[in-house]
Amino acid sequence: MTLRSEDGPSSPALTAAQAALAAEHAAVYGYGVLGGRVPGKRRTEANAAYDGHRARRDALMRTVRDLGGAPVAADAAYALPFAVTDAVSAVRLAAVLEDRVAGVYSDLVRATEGPARADAAGALREAAVRAARWRGGNVVFPGLAERAASAGPAERTSPVEAAGADGTG
């Protein structure tokens, strides 16, 4: 990932990359929880999303190091916004996870330029498409509506924790 020359240890790009990495850690955890509760074709989608988030997480760890930072570690566990007990709640959690990931990637798009921005925009697009598939519909501006809904104290929580009890943000 090519970054601006003014990027340093406390740069906006590093801050946004760390937030995206934390979101990817939470998404990997969340897909681990929901993966066994979705049937058939949806399980294949969940597995593909899980693999995609792991790949993005690994890439972001390299990016954070390239920016001079120490990658934020994954938590041992994450608080889920609601109980995931069946296929319906698992699908709902998947949509919430993707919405939250889209939100942090929108921040990374704003904080980077060139190829780094294109990569972040690609990750935002992937999350938005997955969210729309899980939800059965889309939002007008993926990543932005979710950020507005989580303004305030929720911005300091993980993507899983930031979702409201009803899973809508």
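Here the structure is a predicted model, which means the values were calculated and not measured. (Residues numbered from 1 in each chain as written. Predicted model: local features only at pLDDT ≥ 70, side-chain atom pairs only at ≥ 80, totals over all residues. Heavy atoms only, no water.)

Participant: I'd like to hear about the overall build of the protein, residue by residue, with values.
Facilitator: A count of helical and extended segments in the protein gives six helices and zero strands. Listing every helix and strand of the protein by position from the N terminus yields α-α-α-α-α-α. In the protein, which comprises 169 residues, the proportion classed as buried is 47%. Taking all contacts inside the protein whose residues are at least 6 apart in sequence as the whole, residues at least 24 apart take part in 78%. For the protein, the accessible area works out to roughly 8000 Å², and carbon and sulfur atoms hold 56% of it. (Helix = DSSP H or I, 4+ residues; strand = E, 2+ residues; numbered from the N terminus. Buried < 20%, exposed > 50% of the residue type's maximum accessible area, 1.4 Å probe, protein only. Contact = heavy atoms within 4.5 Å. Areas by Shrake-Rupley, 256 points an atom, 1.4 Å probe, with all protein chains shown as cover.)

Participant: Before we move on, can you summarise helix 1 (residues 12-34) with the specific residues and values?
Facilitator: An ideal rise of 1.5 Å per residue puts 33 Å on 23 residues; helix 1 measures up with 32 Å between its terminal C-alpha atoms. Counting buried positions along helix 1 gives 17 out of 23 residues, so the element sits mostly inside the fold. (Expected span 1.5 Å × (residues − 1).)

Participant: Go over the side chain of serine 11, please, and point to the residues and values.
Facilitator: Tracing the backbone shows serine 11 in the segment before helix 1. The class for serine 11 is buried, based on a relative accessible area of 4%.

Participant: Lay out the nonpolar core in plain terms, naming residues and giving numbers.
Facilitator: In this structure, Ala20, Leu60, Val101, Tyr105 and Leu108 are the most contacted members of the largest nonpolar core, which totals 22 residues. Those elements giving two or more residues to this core turn out to be helix 1, helix 2 (40-66), helix 3 (87-111) and helix 4 (114-135). The leading source of residues in this core is helix 1, at eight residues. In this structure, alanine 20 is in contact with Leu60, Val104, Tyr105 and Leu108, ignoring residues within four places of it in sequence. If you look at the next biggest cluster of nonpolar residues, it comprises 16 residues, including Val33, Ala46, Ala49 and Phe82. (Core = buried A, V, L, I, M, F, W, Y, C linked by side-chain atoms within 4.5 Å.)

Participant: Pulling in residues and values, what's your account of the environment of arginine 130?
Facilitator: For arginine 130, the position within the fold is in helix 4. Judged by relative accessible area, which is 16%, arginine 130 ranks as buried. Taking the C-alpha atoms as reference, arginine 130 lies 9.5 Å from alanine 46; in sequence the two are 84 residues apart. The residues contacting arginine 130, other than those within four sequence positions of it, are Ala49, His53 and Glu98.

Participant: Break down the packing of helix 1 against helix 2 for me, with residues and values.
Facilitator: Between helix 1 and helix 2, the shortest axis-to-axis distance is 9 Å and the interhelical angle comes to 155°. Overall, the two elements helix 1 and helix 2 adopt an arrangement that is roughly antiparallel. Every pair of crossing elements has a handedness; the one defined by helix 1 and helix 2 is left-handed. Note on element contacts: helix 2 touches helix 1 through Ala46, Ala49, Tyr50, His53, Arg54, Arg56, Arg57, Leu60, Met61, Thr63 and Val64, opposite Leu14, Ala17, Gln18, Ala20, Leu21, Glu24, His25, Ala27, Val28, Tyr31, Gly32 and Leu34. Taken together, the residues of the contact of helix 1 with helix 2 sort by class into 14 nonpolar, five polar and four charged. (Axes fitted to C-alpha atoms, helices over the stretch in contact; angles between N-to-C directions. Parallel < 35°, antiparallel > 145°, perpendicular 65-115°, else oblique. Left-handed = near helix turned anticlockwise from the far one by under 90°. Nonpolar A, V, L, I, M, F, W, Y, C, P; charged D, E, K, R; others polar.)

Honestly, that's just the spatial picture; any functional story needs more than this.
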